[in-house]
Amino acid sequence: MEKTISKAVIKALQSGQPNAILNAIKTIRSHGLPEHLKPLLEVLKSSNHPEIFEAIVQLFDDLNDQGAVHHLVLMIEAEDAQRMRRILVSSCWKSGLDYSAHL
């Protein structure tokens, strides 16, 4: 079931349709996996829609699964995330997850 949800969520994130993207973000917030963070970052980098931008940043700020740490650190270190680095690092602080192994 998780793989079906993942495929449907990824497809919605890539649809370019604001309502579908916002619904996918809600699904990830409720049932998401750490693997969904990278596709969310791609949407964050490419979307000019303020509601989508805010929903993704808020989701990153509210992360509570320690398994997401590795994924977020990889995204911070990625060259193509330079424009989003400040937001991602801020989310690390706001989430309260343990990043001490990556300092």
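**Topic: the overall build of the protein**
Item 1. Tallying secondary structure elements over the protein gives six helices and zero strands in all.
Item 2. Helices and strands in the protein line up, N terminus first, as α-α-α-α-α-α.
Item 3. For the protein, the C-alpha radius of gyration of 13 Å lies close to 13 Å, the compact-globule estimate for 103 residues.
Item 4. Principal-axis analysis of the C-alpha atoms places the extent of the protein at approximately 35 × 30 × 20 Å.
Item 5. With 103 residues in all, the protein has 41% of them scored as buried.
Item 6. Of the contacts formed within the protein by residues at least 6 apart in sequence, a portion of 61% connects residues at least 24 apart.
Item 7. If you sum the accessible surface of the protein, you get close to 6,500 Å²; carbon and sulfur atoms cover 54% of it.

**Some words on the packing of helix H2 (residues 18–31) against helix H4 (residues 50–61)**
Item 1. Their axes nearest at 10 Å, the elements H2 and H4 cross at an angle of 10 degrees. The orientation of H2 relative to H4 falls into the category roughly parallel. Residues Pro18, Ile21, Leu22, Ile25, Ile28 and Arg29 of H2 form the contact with H4, whose own contacting residues are Glu51, Ile52, Ala55, Ile56, Gln58 and Leu59.
Item 2. Looking at the contact of H2 with H4, its residues break down into nine nonpolar, one polar and two charged.

Thresholds applied
Sequence order as written defines residue numbering, which begins from 1 separately in each chain. Under the rules for a predicted model, residues below a pLDDT of 70 receive no local features and side-chain atom pairs below 80 are neither given nor counted, while totals for whole chains, interfaces and linings still include all residues. Based on all heavy atoms of the structure, the side-chain values leave hydrogens and waters out of the count. Under the DSSP-based scheme used, a helix requires at least four consecutive residues in state H or I and a strand at least two consecutive residues in state E, with every element numbered from the N terminus. Each radius of gyration is computed over the set of C-alpha atoms, and the globule rule expresses the reference value as 2.2 Å times the number of residues to the power 0.38. Per-residue accessibility, obtained with a 1.4 Å probe over protein chains only, is compared with the maximum for each type, and a residue is labelled buried under 20%, exposed over 50%, and partly exposed between these values. We call two residues contacting when some pair of their heavy atoms lies within 4.5 Å. Each accessible area is a Shrake-Rupley estimate made with a 1.4 Å probe; only the visible protein chains count as cover when residues are assessed. Fitted lines through C-alpha atoms give the axes, limited to the stretch in contact for helices. The angle between two N-to-C directions lies from 0 to 180 degrees. We call two directions roughly parallel when the angle between them is under 35 degrees, roughly antiparallel when it is over 145, roughly perpendicular when it lies between 65 and 115, and oblique otherwise. Amino acids are sorted into nonpolar (Ala, Val, Leu, Ile, Met, Phe, Trp, Tyr, Cys and Pro), charged (Asp, Glu, Lys and Arg) and polar (every other residue, Gly among them).

Function cannot be read off these values alone, since they describe shape.
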